[in-house]
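Now for the letters of each chain:
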Amino acid sequence: MRKGERKITNLNIKSISSSKICIGDNVYKVNSAILHYGKNINEGYYTNLLRAEDTKWTSVNDLKVEICKWPRNAKNAYIFFLEQI
């Protein structure tokens, strides 16, 4: 690791804000997220949420693409893509 970085090993996210996230002195917004649904990483399926506008999201899966809201608690979120603002 580089100087000033720290490794987080026990992160338990209850929910994630879809508006602003502060990490240290930097502020980010979530632009996209990959969500997983299933018992474990080897079973189930993945979907993607993309920011369509400031408050609207697009849900993408194998069958359809549709406008949606950010899911409550985002418990199935697996990977977040952030943009520094």
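Here the structure is a predicted model, which means the values were calculated and not measured.

### What to know about the overall build of the protein
Along the protein, the regular secondary structure elements total 0 helices and 6 strands. Ordered by position from N to C terminus, the α and β elements of the protein give β-β-β-β-β-β. The proportion of buried residues among the 85 residues of the protein is 21%. Taking the contacts inside the protein whose residues are at least 6 apart along the sequence as the reference set, 45% of them involve residues at least 24 apart. Put simply, the protein shows about 7,100 Å² of open surface, and 49% of that area lies on carbon and sulfur atoms.

### Concerning the nonpolar core
Grouped together as the largest cluster of nonpolar side chains are 7 residues: Ile21, Val30, Ala33, Leu35, Leu49, Trp57 and Trp70. For this core, the element with the most residues is strand E2 (residues 26-37), which contributes 3 residues.

### Some thoughts on the environment of glutamine 84
Mapped onto the secondary structure, glutamine 84 falls in strand E6 (residues 77-84). Taking relative accessible area as the criterion, glutamine 84 reaches 47% and is therefore assigned partly exposed. At 3.1 Å, the side chain of glutamine 84 forms a polar contact with the side chain of asparagine 26.

### Remarks on the packing of aromatic side chains
Under the counting rule described, the total for this entry stands at 2 aromatic pairs. Between tyrosine 37 and tyrosine 45 the ring centres are 5.2 Å apart and the planes differ by 20 degrees, which places this aromatic pair in the stacked class. Its relative accessible area of 27% is what places tyrosine 37 among the partly exposed residues. Judged by its relative accessible area of 48%, tyrosine 45 is partly exposed. Between tyrosine 46 and tyrosine 78 the ring centres are 5.8 Å apart and the planes differ by 65 degrees, which places this aromatic pair in the edge-to-face class.

About the criteria used
- Residues numbered from 1 in each chain as written.
- Predicted model: local features only at pLDDT ≥ 70, side-chain atom pairs only at ≥ 80, totals over all residues.
- Heavy atoms only, no water.
- Helix = DSSP H or I, 4+ residues; strand = E, 2+ residues; numbered from the N terminus.
- Buried < 20%, exposed > 50% of the residue type's maximum accessible area, 1.4 Å probe, protein only.
- Contact = heavy atoms within 4.5 Å.
- Areas by Shrake-Rupley, 256 points an atom, 1.4 Å probe, with all protein chains shown as cover.
- Core = buried A, V, L, I, M, F, W, Y, C linked by side-chain atoms within 4.5 Å.
- Polar contact = N/O pair within 3.5 Å; in protein donor to acceptor, adjacent residues only side chain to side chain.
- Phe/Tyr/Trp six-rings, centres within 6.5 Å; stacked < 30°, edge-to-face > 60°.

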